[in-house]
Amino acid sequence: MKLSGAQILMKTLREEGVDTIFGYPGGAVIDIYDELVKTDIRHVLVRHEQGAVHAADGYARAAGKVGVCLVTSGPGATNTVTGIASAYMDSIPLVVITGQVPRGLIGNDAFQEVDIVGITRPCTKHNYLVESTDSLARVIKEAFYIARSGRPGPVLIDIPKDVANTTVDYKEPGDVKMRSYNPTINPNKRQLQKVVKLVEKARRPVIFAGGGIILSKSSEELTRFARQAQIPVTTSLMGLGAFPGSDPFWLGMIGMHGTYRANMCTSECDLLIAIGVRFDDRVTGKTDAFAAQAEIVHIDIDPTSIRKNIPVTVPVVGDCHAALTTLNGMLDEADLTDIAGKREQWFARIGEWKNLSRLAYVQGETIKPQYVVEKLYELTGGDAIITTEVGQNQMWAAQFYHFNRPNHFITSGGLGVMGFGLPAAIGAQIAQPDRLVVDIAGDGSIQMNIQEMATAVQCRLPVKVVILNNGYLGMVRQWQELFYDKRYACTCMDHAPDFVKLAEAFGAVGLRATTVDEVETVLKKGLSNYKDRPVIMDFVVDKEESVYPMVPAGAPITEMLLV
Amino acid sequence: MAEEKHVLSILVDNKPGVLSRIAGLFSGRGYNIDSLCVAETMEEGVSRITLVTQANLPLVEQIKKQLNKLINVIKVFDMTETEYVQRELAMIKVTAKPENRAEILRIVDIFRCKVVDVGAEHYTIEVTGDEGKLAAIRSLLRPMGIKEIARTGMIALFRDVK
């Protein structure tokens, strides 16, 4: 069978189950686009390549599939870098296809030539420059396999224009076999038996779960484990939704803006079971003081995560789902008599901490941003898929919207990309057309990828954007207030656009609330109407509200500023 | 924790960009490379990189894990964990005045080196050995005036077949 490179690409993408591509055409990928429109693959035309990658990221998380992007060479490729780096930090499976100048021109500083494989080497799980049309099918198959297996991540494939438009005799590439890549899935049973022994013995245990639970689809196993072993649960930002936010064992999020009780528990526990986490500095604060009294179990599929930042008593390399399933089986056999009695004092202590300091705010005359998020939670019954931008909006979303299910909180956790939320919401909405998708944004970060409103309007997506508009780059302003004597260097954005008019200019709906009374009205109107176009809801909130609790960077996580 | 020298022997797919992935990993994460040596092995498509680094124990563990995480890395051996033999080749261009020539040749003889090039004013000496031997001959030749040195970096193999 004679096929061109572009035809082989389409055939292989279909075989990998791809039905949606986020992309932007250009000279180096015209041949590929020429074939793409002949298939039934849906192409979402973004307005900036960064938007394509974040949208694919949101799509991947909401659909539980590999997200796919297609962009041209040079600037098209470099514009994807932020999105790729974000997906790499958050372990999101993506395949990013970039066009490249023809092979004969590579290295000649050709028009729109850039060494994107070189540029993205440190922020992809792996990347390829396709050297021949014959190798294309195998490379694509490997890329998908690498992206979705082990610790997932983004893989980039750079396809020179002449590789795409050369016709060859197509041969089936067969199954992917890679001698040098074999992620450990099944954990060592002896190590897990040690974990069970520690669980039996512990008086003050805590589970610290992360994004690995969501990626490995093990929320149910985690919940069963926690209940069976009677252990309270905290999660990282990436882990929100991995454990029900309404469960009595739920401690709230850990870390810099975590709850008082989650941080106190971590500090006072005698056993910390960390699952699918990587001990980010925003979680640990001062590492020497982190869980200093505890034996630490660390279960993760990526061996480099283990003992990178925190010393560990029992390391377990393997898939979280496999580990938790085995652990639950072992717990059935374990001696858990009077386990509730053993933990009674510990839970009493946690109750005291909970009463001592809860997440709270005082609603005065101006709208408090927390109030908007809380109302949003009430009105959506906690059922919406929430994406966020980065900064205060992200932290208030994490604190005041309670997540009961996985894959409902989509945020740029590791890299912290402002401008992530809107394109990610577009991707999530395309993956879940019948679900309510809300981007909780700040007035600063929404402007970073606001052009994607046009994408949402063109695709008739009912994405809701909630702007907590305080006229500041709020999180940096908060640091300046607390640690820089209120010197608000360049964080005041007093020339924002009129977001209502802006929404209308895009062909979307714009609504605004300036008083507390209007909050509910605007939310109700914005959330329940307009099924065929996006809505921007602009909430003019308290300018100098801060996110609390807050642990100053590098301090032990028990040293929290509470109000 | 004290830093120690570790000799890592890394089997990799012989594909374009592999060396840059490894070099990039070291520079991006702030690890040291003392020396680095790459060549093909007996097996087609597989190269061996011998890399010498200075790191404390937890860090060298992390380095090995990070190397293993690279898709093109097949296997990483830490030679320093057990018995191994190491060699390095150096070429030393040393000033050879008439009054020194006999002395230099005596040193070459003692160290079982070879003179590979002779000029009016210099000898170029090829020397193979471990680090200690290379350091020793350098210090003996230094008084005569070393003009240039080129070194390969260390290569190493386990004593037992692995």
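How each quantity is defined
Residues numbered from 1 in each chain as written. Chains lettered and ligands numbered in written order. Predicted model: local features only at pLDDT ≥ 70, side-chain atom pairs only at ≥ 80, totals over all residues. Heavy atoms only, no water. Contact = heavy atoms within 4.5 Å. Buried area = accessible area lost by both parts, 1.4 Å probe. Salt bridge = Lys/Arg side-chain N within 4 Å of Asp/Glu carboxyl O. Polar contact = N/O pair within 3.5 Å; in protein donor to acceptor, adjacent residues only side chain to side chain. Domains from an automatic or database assignment. Helix = DSSP H or I, 4+ residues; strand = E, 2+ residues; numbered from the N terminus. Nonpolar A, V, L, I, M, F, W, Y, C, P; charged D, E, K, R; others polar. Pairing = 2+ DSSP bridges. Axes fitted to C-alpha atoms, helices over the stretch in contact; angles between N-to-C directions. Buried < 20%, exposed > 50% of the residue type's maximum accessible area, 1.4 Å probe, protein only.

**Q** I keep staring at the interface of chain A and chain B and nothing clicks. Help me out?
**A** For interface size, the figure often reported is the accessible area lost on association. Listed per partner, the contact involves 18 residues of chain A and 16 residues of chain B. Taken together, both faces of the contact between chain A and chain B bury some 1500 Å²; the carbon and sulfur share is 47%. The three residues of chain A that bury the most area against chain B are A:Arg121, A:Arg179 and A:Ser180, which together make up 40% of that side's buried surface. Taken together, chain A and chain B are joined by two salt bridges. A salt bridge links B:Lys69 to A:Asp302; the shortest N-O distance between them is 2.8 Å. Run the count over chain A and chain B and you get nine residue pairs in polar contact (both at pLDDT 80 or more).

**Q** It is not clear to me how the domain arrangement of chain A should be interpreted in this structure. Could you clarify?
**A** Residue and element names in this part refer to chain A. As assigned here, chain A comprises domain 1 (2-169), domain 2 (189-356) and domain 3 (369-540). One C-alpha centre belongs to domain 1, the other to domain 3, and the line joining them spans 29 Å. Taken together, the contacts link 23 residues of domain 1 with 26 residues of domain 3. Counting the surface domain 1 buries against domain 3, the share from its top three residues, Arg-47, Arg-61 and Ala-62, is 31%. Our count for the domain 1 to domain 3 interface comes out at zero salt bridges. Across the domain 1-domain 3 interface, the total number found is nine residue pairs in polar contact (both at pLDDT 80 or more). Among the secondary structure elements, those contributing two or more residues to the side of domain 1 that touches domain 3 are strand S2 (20-23), strand S3 (42-45), helix H3 (49-63) and helix H5 (81-89). Sorting elements by how many residues they give to the side of domain 1 that touches domain 3 places H3 first, with 10 residues. Residue composition of the side of domain 1 that touches domain 3, by class: 10 nonpolar, eight polar and five charged.

**Q** Would you explain the domain arrangement of chain B in this entry?
**A** By domain assignment, chain B separates into domain 1 (4-81) and domain 2 (87-153). When each unit is reduced to the centre of its C-alpha atoms, the spacing between domain 1 of chain B and domain 2 of chain B is 30 Å.

**Q** Would you take a moment to explain the sheet that holds strand S19 (residues 509-513) of chain A for this structure?
**A** Either a parallel or an antiparallel arrangement is found when strands of a sheet pair, and the pairing is made through backbone hydrogen bonds. Residues and elements named next belong to chain A. Strand order in the open sheet formed by six strands is S16-S15-S17-S18-S20-S19, with parallel pairing between adjacent strands. Two strands lie at the open edges of the sheet, namely strand S16 (409-410) and S19, each paired on one side alone. Relative to strand S18 (residues 464-469), strand S17 (residues 437-442) is paired through five bridges, and the arrangement is parallel. Residue Asp-439 lies in a different strand from S18, and its bridge partner there is Val-465. Across the sheet, helix H17 (residues 392-400) lies against strand S15 (385-388), S16, S17 and S18, angled at about 135° from S17, the strand it touches most.

**Q** Explain the pattern of salt bridges here, please?
**A** For side chains of opposite charge, pairing can occur when their charged atoms come near one another. Residue and element names in this part refer to chain A. Counted under the stated rule, the structure contains 44 salt bridges over all chains. For the salt bridge of Lys-11 with Glu-172, the shortest nitrogen-to-oxygen distance reads 3.9 Å. A residue pair is termed long-range when its members are at least 10 positions apart, and Lys-11 in helix H1 (residues 5-15) and Glu-172 in the loop between strand S8 (167-169) and helix H9 (189-201) qualify at 161 residues. By relative accessible area, which is 56% here, Glu-172 ends up exposed. Asp-538 serves as the salt-bridge partner of Arg-512, at 3.0 Å between the closest nitrogen and oxygen. Here Arg-512, found in strand S19, pairs with Asp-538, found in strand S20 (residues 535-540); they are 26 residues apart in sequence, far enough to count as distant. Here the salt bridges do not stand alone but share partners, grouping Lys-11, Glu-15, Glu-16, Lys-141, Arg-148 and Glu-172 into one network.

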